[in-house]
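# Chain and residue survey
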Amino acid sequence: MALRQSAARLLSAAGEAGVSIVGAAGVSTQSEASCLSAMARIIPGIFKHSRCRNGVYPQSDVRRYPVPDESVFWSQNYSDYQPPVHESPVLQGKEWADLDVEDPAFAAKWNELDGKVNRVSFVGTYEIRDSCPLNPFGRTGIRGRGILGRWGPNHAADPVVTRWKLDEAGQPVQHPASGKRILQMCAIERQDCGEWAIPGGMVDPGEKVSATLRREFLEETMDNDAGEMAGEVEQFFAAGTEIYKGYVDDPRNTDCAWMETVAVNFHDESGSVVGRFPLHAGDDAAKVRWMDVGEEVKLYASHSNIVKRVVDMLEAHW
């Protein structure tokens, strides 16, 4: 009973904060403990990010200011906190990047749609401090934008494309330990860090998320060459199941800029459609392959957590 009441309080808090509890429709099929754990991971003041703390910032030699677990949240006093400011030179003069917050020509409309730029966070209203948005999940040990183009939320879309692993007879392979079917996902190896990841990318200004999902998959895994299967590709990406919408524990995050995503599962139950796609790496991908999904698989940023939601939904092996 206490656990159920705690879960209810978390759901209420999530609603007030504007957090989307993805997968809520499947709550009845999960244990209450699993439900509570899933919610705790995405609510500010409960979740403590780790991929964007206590290390060297990506594509730089800038070391983050140390942030211990007890000093992550802004509500906790950390009088010695003196994070360095980092702005990657790659942002200069780019159309997809904001101007510096101190530039007189920059007048952002925080927490709302700013022209074609979406500055609304899935988490809810974020605070503005010293003219900069404040990461709703706490201190990261670095200020500025790093290599992210936008101050505040940077919106991405992640298409989780899956199929069942089949044997030579075309039957789903069951894992000997769990007895559940083995799920495979289309994964790319990122060129910037060498980690395997979901083939996602940034949502362009004014672009619908559905268009981003399809575009990124084609760019990353098919090098934009759908060929004769263009019609099947269109149909396949016309319908998917949203599995996550919210903050991402991404190594690029800073105190002033952070990643958020919408992740959608596109599952080929029979393996007769997506399973026939000729995969070849393109855009930012070094390699692309069908990868068996399991607990031992390590993916970029929070991608393992996202894939785990698909596994739970499809009742696959983990």
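Relevant structure appears above.
Throughout what follows, the structure given in this document is the object of discussion. All of these numbers come straight from a predicted model, not from anything done at the bench.

The next subject is the overall build of the protein chain. Of regular secondary structure, the protein chain possesses five helices and 13 strands. In the protein chain, buried positions account for 47% of the 318 residues. Of the contacts made within the protein chain by residues no fewer than 6 positions apart, 69% connect residues no fewer than 24 positions apart. Surface exposure of the protein chain reaches about 15,400 Å², of which carbon and sulfur atoms provide 49%.

So, on to the environment of Phe-266. For Phe-266, the location among the structural elements is in strand β12 (residues 257-268). On a C-alpha basis, the gap between Phe-266 and Glu-242 in space is 9.1 Å, while along the polypeptide they are 24 residues apart.

This part is about the side chain of Ser-71. Structurally, Ser-71 is set in the loop between α2 (32-40) and β1 (85-87). Excluding residues within four positions of it along the chain, Ser-71 makes contact with Gln-76, Tyr-78 and Arg-139.

Moving on, we come to the packing of aromatic side chains. Across all of its chains, the model carries eleven aromatic pairs by this definition. Put simply, the rings of Tyr-65, Trp-74, Tyr-78 and Tyr-81 pair up and form one aromatic cluster. Looking at Arg-139, its charged tip hangs above the ring of Tyr-81, at a distance of 5.4 Å from the centre. Here the basic side chain of Arg-289 rests over the ring of Trp-196, its NZ or CZ set 4.6 Å away from the ring centre.

Turning next to the pattern of salt bridges. The full count for this structure, using the stated rule, is 15 salt bridges. A salt bridge links Asp-114 to Arg-119; its shortest N-O distance comes to 2.9 Å. For the pair Asp-114 and Arg-119, a shared accessibility class is recorded, and that class is buried. Across the pair Asp-192 and Arg-190 runs a salt bridge whose closest N-O atoms are separated by 2.7 Å. Judged by its relative accessible area of 41%, Asp-192 falls in the partly exposed class. Taken together, the shared-partner salt bridges connect Asp-98, Asp-114, Arg-119 and Arg-150 into one network.

Note on placement: Arg-64 falls in the loop between α2 and β1. The class for Arg-64 is buried, based on a relative accessible area of 4%. Separated by 76 residues in sequence, Arg-64 and Thr-140 place their C-alpha atoms 7.3 Å apart. Those residues within four positions of Arg-64 in sequence are excluded, and the remaining contacts are Cys-52, Arg-53, Asn-54, Gly-55, Tyr-57, Thr-140, Gly-141, Ile-142, Pro-251, Arg-252 and Asn-253. One polar contact links the side chain of Arg-64 to the main-chain carbonyl oxygen of Cys-52, over a distance of 3.2 Å. Side-chain polar atoms of Arg-64 contact the backbone oxygen of Asn-253, separated by 3.0 Å.

Right, let's talk about the pairing of strand β7 (residues 152-164) for a bit. The element β7 is extensively covered by neighbouring structure, given that 13 of its 13 residues are classed as buried. When β7 meets β12, the two strands line up parallel, connected through twelve bridges. In the strand pairing of β12, Pro-159 is matched with Val-264. Inspection of the sheet shows β7 paired to strand β10 (residues 201-202) by two bridges, in the antiparallel sense. Bridging from a neighbouring strand, Ala-156 pairs with Met-202 of β10. In this structure, β7 lies alongside strand β8 (residues 183-190), joined through three bridges in antiparallel fashion.

Moving on to the side chain of His-49. Along the chain, the position of His-49 falls in the loop between α2 and β1. A polar side-chain atom of His-49 sits 3.1 Å from a polar atom in the side chain of Tyr-247. With residues up to four places along the chain from it excluded, the contact list for His-49 reads Val-72, Asn-135, Phe-137, Gly-138, Arg-139, Thr-140, Tyr-247 and Asp-249.

Next up on the list: unusual backbone geometry. In the Ramachandran plot, Gln-59 falls in the positive-phi region, its phi being about 55° despite a non-glycine side chain. In this fold, Gln-59 is placed in the loop between α2 and β1. Positioned with a positive phi, Asn-111 is a non-glycine residue whose angle comes to about 65°. Position of Asn-111 among the secondary structure elements: in the loop between β1 and β2 (113-114).

Looking now at the nonpolar core. With 33 residues, the main nonpolar core has Leu-183, Met-185 and Tyr-247 as its most contacted residues. Listing elements by their share of this core, those giving two or more residues are β7, β8, β11 (241-248), β12 and α5 (303-314). Per-element tally for this core: the top contributor is α5, with five residues. Contacts of Met-185, omitting those with residues within four sequence positions, involve Val-161, Thr-162, Ala-197, Ile-198, Arg-289, Trp-290, Met-291, Val-293, Leu-299 and Val-307. In this structure, Leu-148, Phe-236, Val-248 and Ala-257 belong to the second largest nonpolar core, which totals 24 residues.

Parameters at a glance
Numbers given to residues run from 1 along each chain, matching the order in which its sequence is written. Since the coordinates come from a predicted model, pLDDT governs what is reported: local features require at least 70, and pairs of side-chain atoms require 80 or more to be given and counted, while whole-chain, interface and lining totals use all residues. By convention in this description, side-chain values take in all heavy atoms of the structure and omit both hydrogens and water. Counting from the N terminus, the helices are DSSP H or I runs at least four residues long and the strands are E runs at least two residues long. Each residue is assigned to one of three classes by its accessible area relative to the maximum for its type, calculated with a 1.4 Å probe on protein chains only: buried under 20%, partly exposed between the two thresholds, exposed over 50%. Pairs of residues are marked as contacts when any of their non-hydrogen atoms sit within 4.5 Å. Here the Shrake-Rupley method, with its probe set to 1.4 Å, supplies the accessible areas, and only the displayed protein chains count as covering residues. Planes of paired rings set the category: under 30 degrees apart is stacked, over 60 is edge-to-face and the rest tilted, where pairs are Phe, Tyr or Trp rings (Trp by its six-membered ring) whose centres lie within 6.5 Å. A ring has a charge above it when a Lys NZ or an Arg CZ is no more than 6 Å from the ring centre and no more than 35 degrees off the ring normal. Salt bridge, as applied in this entry: a Lys or Arg side-chain nitrogen positioned within 4 Å of an Asp or Glu carboxyl oxygen. Think of a polar contact as two N or O atoms within 3.5 Å of one another; within protein, one of them needs to be a possible hydrogen donor and the other a possible acceptor, and neighboring residues in sequence only count if both atoms come from side chains. A pair of strands counts as paired when DSSP detects no fewer than two bridges linking them. Throughout this description, the term nonpolar core refers to a set of buried Ala, Val, Leu, Ile, Met, Phe, Trp, Tyr and Cys residues connected via side-chain atoms within 4.5 Å.

None of this, on its own, says anything about what the molecule does.
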